[in-house]
Amino acid sequence: MSFLKEGKIYITGYDFDVYDGIKRIQSIKADGIIFGVIKTDPLDINILINQLESDDSAEVKDASHKLKIIFRGKMDEIENSASKELNTNNKALLFNRIIYYLNTQPQDQKTVLKNKLAWSLSSEKGSTDLLKNLINYIESQNE
């Protein structure tokens, strides 16, 4: 539970085979929960960002889900810090705006922004400040 709370793992699904053929399921067994590991290395995050452009819709959905979990965790870090510079009320909308902005840029700018987003979502030193700066930059471009 502590790994789940800290955002190091996430729930990917549920295995109904733990019920051994019972048709009418009325409670959830913890044994059936399927977990995945959230990797916060910039390279792993960059791979997820690149998977958003895949032709495979399942791959895009999975990458988006993982990135949103990581993004929410980073935004929670920002909210918990002493600085309240950013409006972080709607994290999902903010994440979608960042991805949309990224996809509307020319290829060279898009590559730079992808790398900065990957670094800012990682657990590397200075990543939280980079995310704040990236959000401020994108919000200033939308005005």
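Above this text is the structure in question.
All figures in this text were calculated on a predicted structure; none of them were measured in a lab.

Caption draft 1: Fine view of the overall build of the protein. A count of helical and extended segments in the protein gives six helices and two strands. N-terminal to C-terminal, the α/β element order of the protein is α-β-β-α-α-α-α-α. Once the C-alpha set of the protein is aligned to its principal axes, its extents read approximately 55 × 40 × 25 Å. Here the protein, with 143 residues, has 33% of them falling under the buried criterion. Taken as a whole, the protein presents about 9,300 Å² of accessible surface, with 51% of it coming from carbon and sulfur. Positive and negative side-chain charges of the protein, numbering 19 and 21 respectively, have mean locations separated by a distance of 4 Å.

Caption draft 2: The arrangement of the packing of helix H2 (residues 42–51) against helix H5 (residues 107–121) in detail. The interhelical angle for the contact between H2 and H5, taken along N-to-C directions, is 130°, at an axis separation of 8 Å. By the criterion of interaxial angle, the relationship of H2 to H5 is oblique. The two elements H2 and H5 cross, and the hand of that crossing is right-handed. Judged by residue contacts, Pro42, Ile45, Asn46, Ile49 and Asn50 of H2 engage Lys114, Asn115, Leu117, Ala118, Trp119 and Leu121 from H5. Residue composition of the contact of H2 with H5, grouped by class: seven nonpolar, three polar and one charged.

Caption draft 3: Examining the side chain of Asn46 more closely. Residue position: Asn46 is located in helix H2. A relative accessible area of 16% means that Asn46 is categorised as buried. With sequence-adjacent residues up to four places away left out, Asn46 is seen in contact with Lys114, Asn115 and Ala118.

Caption draft 4: Structural context of the nonpolar core. The biggest cluster of nonpolar side chains holds 27 residues, and the ones touching the most others in it are Leu67, Phe71, Leu117 and Leu121. Listing elements by their share of this core, those giving two or more residues are H2, helix H3 (57–80), helix H4 (91–103), H5 and helix H6 (127–141). With seven residues, the top contributor of residues to this core is H3. Sequence-distant contacts of Leu67, defined by excluding residues within four places in its chain, comprise Ile45, Leu48, Ile49, Leu52, Phe95 and Leu121.

Caption draft 5: Region of the structure containing the environment of Glu53. Looking at the element boundaries, Glu53 is found in the loop between H2 and H3. Taking the C-alpha atoms as reference, Glu53 lies 9.2 Å from Asn103; in sequence the two are 50 residues apart. Residue contacts for Glu53: discarding those within four places in its chain leaves Asn103, Lys110 and Lys114. Within the local environment of Glu53, its side chain forms a polar contact with the side chain of Lys114, the two groups lying 3.2 Å apart.

Caption draft 6: Structural view of H3. Taking 1.5 Å per residue, 24 residues should reach 34 Å; H3 reaches 34 Å between its end C-alpha atoms and fits that length. By the burial criterion, the buried members of H3 are Ala63, Ser64, Leu67, Ile69, Ile70, Phe71, Lys74, Met75 and Ile78. Buried residues along H3 sit against strand E1 (9–14), H2, H4, H5 and H6. Where H3 begins, the capping side chain belongs to Asp56, and its oxygen is found 3.2 Å from the backbone nitrogen of Ala58.

Cut-offs used in this document
Residues numbered from 1 in each chain as written. Predicted model: local features only at pLDDT ≥ 70, side-chain atom pairs only at ≥ 80, totals over all residues. Heavy atoms only, no water. Helix = DSSP H or I, 4+ residues; strand = E, 2+ residues; numbered from the N terminus. Buried < 20%, exposed > 50% of the residue type's maximum accessible area, 1.4 Å probe, protein only. Areas by Shrake-Rupley, 256 points an atom, 1.4 Å probe, with all protein chains shown as cover. Lys, Arg positive; Asp, Glu negative; His and termini not counted. Charge placed at Lys NZ, Arg CZ, Asp CG, Glu CD. Axes fitted to C-alpha atoms, helices over the stretch in contact; angles between N-to-C directions. Parallel < 35°, antiparallel > 145°, perpendicular 65-115°, else oblique. Left-handed = near helix turned anticlockwise from the far one by under 90°. Contact = heavy atoms within 4.5 Å. Nonpolar A, V, L, I, M, F, W, Y, C, P; charged D, E, K, R; others polar. Core = buried A, V, L, I, M, F, W, Y, C linked by side-chain atoms within 4.5 Å. Polar contact = N/O pair within 3.5 Å; in protein donor to acceptor, adjacent residues only side chain to side chain. Expected span 1.5 Å × (residues − 1).

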